Amino acid sequence: MANEHTVLQFPLSSSSSSSSLSAKVHPLVVFNICDCYVRRPDQAERVIGTLLGSILPDGTVDIRNSYAVPHSESSDQVALDIDYHHNMLISHQKVNPKEVIVGWYSTGLGVTGGSALIHEFYSREVPNPVHLTVDTGFRNGEGTIKAYVSVNLSLGDRQLAAQFQEIPLDLRMVEAERVGFDILKPTAVDKIPTDLEGMEASMERLLALIDDVYKYVDNVVEGHIAPDNSIGRFISDTLASVPKIPPVAFDKLVNDSLQDHLLLLYLSSITRTQLSLAEKLNTAAQIL
């Protein structure tokens, strides 16, 4: 008689879909989560909230917005303010009806015991929600951001539990957003960099990247490393996208932009001085 074995297994539909699933998060979501964490109640150890966005044609979950949801949790239970969650969702969809629930977020490193209960609630709101975790402590000067989906773990025909499986996450920023994100990493910041300082940091980063590409091309030409056609095409497309501007015209463009920037700084300084003077004159008039 053949022996029957009962084994742990993942449902094929869930595992195959989660393995191909990926997410893309906009910097606004990260900034919003950090702001909610700073404003959290004193007794709250973490902040949770709803993620809004859409599903792109290639299946990528595009996370574009978020809002915090009041909650309380203990070692064995979690309570969410469901009415607040639904009211906030209605308000957001009045502004942008294309944004729908795509998952939820929590602050801290990785998932916790109560995450399964919260994920179960969001699974009733949207199929296969994404769980985003943000390390707002920025340990070691790095902000760890991860995305997970839930995969059911079963024993034969009996479902035992759900396992969180990490999925690829894409966090892309323009240079202005990159400067703001870098400011969040240190535990203490003496001052916020000016626009010129931010531009200088961006140019230094750009020069470092160009130097890395230059070394890679040299190593390929000299035969030190094997060529990669995909990287070569990417470098070619990048160079082709750069507009061909004569050096004189480029210098004039940069100088004109710099002059406009300095003019705006000068006008803003005059405005602040005028407001300060008007406030002092108003105060003196009230005293007299």
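Criteria and cut-off values
Residues numbered from 1 in each chain as written. Predicted model: local features only at pLDDT ≥ 70, side-chain atom pairs only at ≥ 80, totals over all residues. Heavy atoms only, no water. Buried < 20%, exposed > 50% of the residue type's maximum accessible area, 1.4 Å probe, protein only. Helix = DSSP H or I, 4+ residues; strand = E, 2+ residues; numbered from the N terminus. Pairing = 2+ DSSP bridges. Right-handed = clockwise from strand over helix to strand, strands pointing away. Disulfide = S-S within 2.5 Å. 1 Å grid on protein atoms, 1.4 Å probe; cavity = no way out; pocket = protein on both sides within 12 Å on 5 of 7 lines; lining within 4 Å. Points joined across faces, edges and corners; volume = space filled by probe spheres on them. Nonpolar A, V, L, I, M, F, W, Y, C, P; charged D, E, K, R; others polar. pLDDT = per-residue confidence, 0-100. Contact = heavy atoms within 4.5 Å. Salt bridge = Lys/Arg side-chain N within 4 Å of Asp/Glu carboxyl O. Core = buried A, V, L, I, M, F, W, Y, C linked by side-chain atoms within 4.5 Å. Patch = residues over 30% accessible without salt bridge, like charges linked within 9 Å, V, L, I, M, F, W, Y side chains within 5 Å. Areas by Shrake-Rupley, 256 points an atom, 1.4 Å probe, with all protein chains shown as cover. Phe/Tyr/Trp six-rings, centres within 6.5 Å; stacked < 30°, edge-to-face > 60°. Lys NZ or Arg CZ within 6 Å of the ring centre and 35° of its normal. Expected span 1.5 Å × (residues − 1).

Next up on the list: the pairing of strand 7 (residues 100–107). Burial runs high along strand 7: seven of the eight residues are buried. Relative to strand 7, strand 3 (residues 48–55) runs antiparallel, the two being bridged by six bridges. Its bridge partner being in strand 7, L52 is matched across the sheet by I101. Judged from the five bridges that link them, strand 7 and strand 8 (residues 130–134) form a sheet pairing that is parallel. Bridging from a neighbouring strand, W104 pairs with H131 of strand 8. With helix 4 (residues 115–125) bridging strand 7 and the parallel strand 8, this β-α-β connection has right-handed handedness.

Under the definition given, this model contains zero disulfides. The structure places no disulfide on C34, whose sulfur is separated from the nearest cysteine sulfur, that of C36, by 9.4 Å. Accessibility expressed as a relative area gives 10% for C34, which makes it buried. Accessibility expressed as a relative area gives 17% for C36, which makes it buried.

The gaps of empty space that remain are located by a probe, the size of a water molecule, rolled over the atoms. The space that makes up the largest pocket amounts to roughly 640 Å³. Counting only elements with at least two residues in the lining of the largest pocket, the list comes to helix 2 (27–38) and strand 5 (71–73). Across the lining of the largest pocket, the residue classes tally to 11 nonpolar, nine polar and eight charged.

The predicted model of the protein has a mean per-residue pLDDT of 80, with 82% of residues at 70 or higher. This stretch, residues 1–16, has a pLDDT under 50; its non-local contacts, to residues over four places away or in other chains, come to 20 contacts.

Turning our attention to the pattern of salt bridges. Going through the model one piece at a time under the given rule, you end up with five salt bridges. Between D35 and R39 there is a salt bridge, and its shortest N-O distance comes to 3.0 Å. With its nearest N and O atoms 3.3 Å apart, the salt bridge here joins K215 to D211. With a gap of four residues between them, K215 and D211 both fall in helix 6 (residues 195–221), about one helical turn apart.

Buried together is how nonpolar side chains tend to be arranged in soluble globular proteins. Judged by nonpolar contacts, the single largest core of 23 residues is most densely connected at V29, L51, V61, I63, Y105, L132 and I167. Every element with two or more residues in this core is listed here: strand 2 (23–25), helix 2, strand 4 (61–68), strand 7, strand 8 and strand 9 (145–155). When residues in this core are grouped by element, the largest group, five residues, is from helix 2. If you look at the next biggest cluster of nonpolar residues, it comprises 11 residues, including L89, I101, W104 and V126.

A grouping of L196, M199, M203, L206, L207, I210, L258, L262 and L265 is seen on the molecular surface, where their side chains present a nonpolar patch of about 810 Å² in accessible area. When contributions to the nonpolar patch are tallied by element, the ones reaching two or more residues are helix 6 and helix 8 (247–287). The element best represented in the nonpolar patch is helix 6, accounting for six residues. Within the secondary structure layout, L258 lies in helix 8.

Now for the packing of aromatic side chains. What the rule picks out here adds up to two aromatic pairs. Members of the aromatic cluster, joined through ring pairs, are W104, F121 and Y122. The side chain of R40 reaches across the aromatic face of Y37, ending 3.9 Å from its centre.

Now for helix 2. With 12 residues, helix 2 should reach 16 Å at 1.5 Å per residue; the first-to-last C-alpha distance of 17 Å fits that figure. Along helix 2, the positions that sit buried rather than exposed are P27, V29, V30, I33, C34 and C36.

Attention now goes to the pairing of strand 3. In terms of residue burial, strand 3 counts as a mostly covered element, since seven of its eight residues are buried. The pairing of strand 3 with strand 4 spans seven bridges and is antiparallel. Counterpart to S54 in the pairing with strand 4 is D62. Hairpin connection between strand 3 and strand 4: a loop of five residues separates the two successive antiparallel strands, and G59 in this loop has a positive phi of roughly 95°.

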